[in-house]
Each structure stands twice: as structure tokens, then as C-alpha cells.
Amino acid sequence: MKGILGRKLGMTQVFTVEGDLIPVTVIEVEPNVVLQKKTKEKDGYDAVQLGYEDVKESRSNKAAIGHAKAAGSAPKHYIREFKADELLGLEVGAEVKADIFSAGDIVDVTGTSKGHGYSGTIKRYNAHRGPETHGGSKNVRHIGSLATTGRNNGRIEKNTPMPGQYGGYRTTNQNLTVIKVDAEEGYILVKGNVPGPRKGLVEIKTTVKPVKSVKAAELISYQSSAEEGE
């Protein structure tokens, strides 16, 4: 297992040499720095702590500055731990770049979903609207009857769809395919959508599903076409 931090930039599309269109999410991946290594002997578990995006020392505190200096790095804006066995061989201060993954890898991407505030069941759970006929129904966008599960005591069952906070929580999209990796430009293209808004922080990890990789798709190279035209 391996992992890295990045920022979601948005979505676009790429084409294979067979003419298939693939919708992809562009994730910016600047070099991550190994700030600390956790071990079973000292901490009770094995993990690697990665830092992402430098922060000015004037905007940090002494603890964060000292922690980063131990790894020969500047203070970091984001710090996350990965229980990734493939990263345990790295030394403190080492950089982890986008090329830790390759095209065809299957990954899970974790982020904070877009927040929509307090929402009703129509927006939150895709519920149906109420009747708008001549009877003068007042229950058009309301939740409707709740305690109708055959009980006579009016008990509302757990997990009944109801209005409430919609979005703004940590979530993971699983089983996504890496389409392209460019370590020089610092980005990864992942098939499909990933959680969060643009510029939102995401964690890319090897999937927990059984299949870890598939055959990489061969993409059209526009650069070679431009050179031929010249």
C-alpha cells in the first residue's frame, strides 16, 4: 500500500487511441515530505507521516517548526499519516512525488465533500415531491409520513431519511483508476470524480479492494501530433 497528498483542480477529459472518451479529475501533486516514521516498538503501529505545502514560519508555531526542522523541511500546512507498507523504507526528510503511482493503478481518494448546509430530503436523498393537485395539498416539499412501519406506537426507525446537514464530511470514492501520471508537471489524472471542491485537499491511497491494478489505457499524444505538423 502507498499514499500521497494532493489538491483537486477540477475535471476534464482525455481520449484513448481507440477513440474512447475518459472523464478524469486532475489532482495537483507537489512533492510530499516524510516528516516522521511511526514504529510498533515506539508508537504501537507502523505508519509514515507526510507533510504537504510549505507554510511561512511567521504563520506557524514553535512545535510545528521544530517538528519540520527535524526532517530538514519547512513547516507544512497539511500533515497526514499513511499506514503504507511501501513507504516504510523511506527515510525522514525524503520526498514522495506523483510517480509513486503509475497509470493503471487502482486507488481510493479521500476528501471533504462539498457542504450544502441544512437541506431537505428532496435535495439530500433525492426524495419525491408531494402531490400538487386540486386538493390543496400542503405537503409538497415536506418529508411526509414517518412512523408508518406497521407499528402503533408512532416509533420512527433509525436511519430514516430526514432533513439535516448535507455534505461537508469526510468521504472516500473507491476503486478509481489512475489514467496518467506526470511527476515533472506534478499531477495525476484519475478516472471519474473525487470528493471535495476545487483546490480541496485529497488523499490518494492504494485501494483496499482486491484488484490493485489494471491494464493502462493508451492515450492520444497531442504533443507528437504538433511536432509532426511543424
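Since we're looking at a predicted model, the values are computed, not measured. (Residues numbered from 1 in each chain as written. Predicted model: local features only at pLDDT ≥ 70, side-chain atom pairs only at ≥ 80, totals over all residues. Heavy atoms only, no water.)

**Student:** For this particular structure, what's the right way to read the nonpolar core?
**Tutor:** A general feature of soluble globular proteins is that nonpolar side chains tend to end up buried together. Ranked by size, the top nonpolar core spans 26 residues in total, and within it Val-107, Ile-188 and Ile-204 carry the most contacts. Of all the elements in the fold, those that place two or more residues in this core are strand S1 (3-15), strand S4 (47-54), strand S5 (76-82), strand S7 (106-112), strand S10 (170-182), strand S11 (187-191) and strand S12 (201-206). In this structure, Ile-204 is in contact with Lys-2, Gly-3, Ile-4, Ile-27, Val-29, Phe-82, Phe-101, Val-107, Asp-108 and Ile-188, ignoring residues within four places of it in sequence. Core analysis: the second largest hydrophobic core is formed by seven residues, Ile-22, Val-24, Ile-179 and Tyr-187 among them. (Core = buried A, V, L, I, M, F, W, Y, C linked by side-chain atoms within 4.5 Å. Buried < 20%, exposed > 50% of the residue type's maximum accessible area, 1.4 Å probe, protein only. Helix = DSSP H or I, 4+ residues; strand = E, 2+ residues; numbered from the N terminus. Contact = heavy atoms within 4.5 Å.)

**Student:** Help me out: how do you make sense of the sheet that holds S7 in this one?
**Tutor:** Two pairing modes exist for strands in a sheet, parallel and antiparallel, and in both the strands are linked by backbone hydrogen bonds. Ordered in space as S1-S2-S11-S10-S7-S12, the six strands form a closed barrel in which the pairing is antiparallel. Taken pair by pair, the neighbouring strands of this sheet meet at an average axis angle of 50°, ignoring direction. (Pairing = 2+ DSSP bridges. Axes fitted to C-alpha atoms, helices over the stretch in contact; angles between N-to-C directions.)

**Student:** What is the right way to read unusual backbone geometry from this model?
**Tutor:** In this structure, Glu-53 takes a positive phi of about 70° despite not being glycine. As for its placement among the helices and strands, Glu-53 is situated in strand S4. Despite not being glycine, Asn-175 shows a phi value in the positive range, around 65°. On the secondary structure map, Asn-175 appears in strand S10. Classification of Asn-175 as partly exposed rests on a relative accessible area of 46%.

**Student:** In this structure, what is going on with the sheet that holds S5? I would like to understand it.
**Tutor:** Judged by pairing direction, the sheet is antiparallel, and its four strands sit side by side in the order S5-S4-S3-S6 without closing on themselves. Sheet topology places S5 and strand S6 (95-96) at the edges, where each strand pairs with a single neighbour. As defined by bridge partners, strand S3 (residues 32-38) adjoins S6 across two bridges and the pair is classed as antiparallel. Bridge assignment links Val-33 to a residue of S6, and that residue is Glu-95.

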